[in-house]
Amino acid sequence: MKRWIYFAYGVGCYLLFMAVYNYMAVFVGNLVPAGWRDSVKTIDSGAGPLTAFAVAWDVALLGLFAVQHSVMARPAFKRAWTRIVPQEIERSTYVLASSLVTVVVMALWRPIDMIVWDVANPSARALGWTLFAMGWAMVPLVSLLINHFDLFGLRQVWLHLRGREYTALPFHEPLLYSRVRHPLYIGWAIAFWATPTMTVGHLLFAGVLTLYMVVAAMIEERDLVAHFGDVYEGYQRRVPMFLPRLRAVEED
Ligand SMILES: C[S@@+](CC[C@H](N)C(=O)[O-])C[C@H]1O[C@@H](n2cnc3c(N)ncnc32)[C@H](O)[C@@H]1O
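Residues numbered from 1 in each chain as written. Predicted model: local features only at pLDDT ≥ 70, side-chain atom pairs only at ≥ 80, totals over all residues. Heavy atoms only, no water.

If you look the protein up in an unreviewed UniProt entry, it shows as methanethiol S-methyltransferase from Botrimarina mediterranea. On record in UniProt, under Catalytic activity (unreviewed entry), the comment for the protein is "methanethiol + S-adenosyl-L-methionine = dimethyl sulfide + S-adenosyl-L-homocysteine + H(+)". Quoted verbatim from the Function (unreviewed entry) field of the UniProt record, the comment on the protein reads "Catalyzes the methylation of methanethiol (MeSH) to yield dimethylsulphide (DMS)." (UniProt positions renumbered as here; feature names shortened; annotations may be inferred.)

Spelled out as structure tokens, the structure:
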């Protein structure tokens, strides 16, 4: 019975994350039909002036997101945390906490409507939207490369349901991972930055989260070196963090 409860909990956390992820794309892209703009919150919905308070408020919300994400992902936190939360549902609980914090950030977000750029050319606008769609598609696709189901806690509850021991995933460098070490974060950055109309609020969101991902990647790599040892250190020497090397430059 307990196995089924854990499994249902894991699936529930996963489905909640998927719903939040889809709403986040709507939120960041302001993808709300005209008639619904008063009732569905987006990054730019409602008039919001540029004030020091609005900037501080939004940065504090993003700080909350960063702290939850990074602290709960650390091995030391997990060791302490799993004295309270069963090991099998630790990852699902992380996914649940991340989803709830993301909902809080979006719900309490204060839009700052001053325009930074607004592309007029229709082809350039279409290019902006194409990049936006690519970014939001890239995140789940890249997660499939390393192991989507482990990342979101489903593998853990599935193995438990089948009465099998959890095994940590091996190091690998499939497709994009052979060009850059953090393609998932590249996907997020594209999703946040690609827009034909950029407001100060949206710029703050994209800028702070991009900065956070750079710091998060450095912290994550310390754990990956501790976990995979020489293999990951060799990977660090061969493969750049975020920007792929151009072959022509490599051969020079
Ligand atoms: C949220 S994912 C982000 C992965 C990476 N930072 C990126 O942007 O693509 C974090 C987890 O992916 C796993 N991971 C990252 N790189 C990996 C690799 N090359 N091989 C296996 N697992 C990896 C680690 O377990 C890490 O905790």
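(A) The arrangement of the environment of D58 in detail. With respect to the element layout, D58 can be found in helix 2 (residues 52-73). Owing to a relative accessible area of 0%, D58 belongs among the buried residues under this scheme. Contacts of D58, omitting those with residues within four sequence positions, involve W109, R110, I112 and L204. (Helix = DSSP H or I, 4+ residues; strand = E, 2+ residues; numbered from the N terminus. Buried < 20%, exposed > 50% of the residue type's maximum accessible area, 1.4 Å probe, protein only. Contact = heavy atoms within 4.5 Å.)

(B) Expanded view of the nonpolar core. Of all hydrophobic cores here, the largest spans 48 residues; its most connected members are W109, W136, W188, F192 and F205. Counting only elements with at least two residues in this core, the list comes to helix 1 (2-29), helix 2, helix 4 (90-108), helix 5 (122-146), helix 7 (154-161), helix 8 (183-193), helix 9 (200-228) and helix 10 (230-238). For this core, the leading source of residues is helix 1, giving nine residues. Each residue touching W188, except ones within four places of it in the same chain, is listed here: Y21, M24, W136, V139 and M213. (Core = buried A, V, L, I, M, F, W, Y, C linked by side-chain atoms within 4.5 Å.)

(C) Just the packing of aromatic side chains, in detail. One pass over the structure, following the stated rule, counts 23 aromatic pairs. Between the aromatic rings of F27 and F205, the centroid separation amounts to 6.3 Å while the plane-to-plane angle is 55°, which identifies the pairing as tilted. Here F27 is found in helix 1, whereas its partner F205 is found in helix 9, with 178 residues between them in sequence. The same class applies to F27 as to F205, namely buried. Both rings, one in F77 and one in W81, keep their centres 5.6 Å apart while their planes meet at 35°; by these two values the pair is tilted. (Phe/Tyr/Trp six-rings, centres within 6.5 Å; stacked < 30°, edge-to-face > 60°.)

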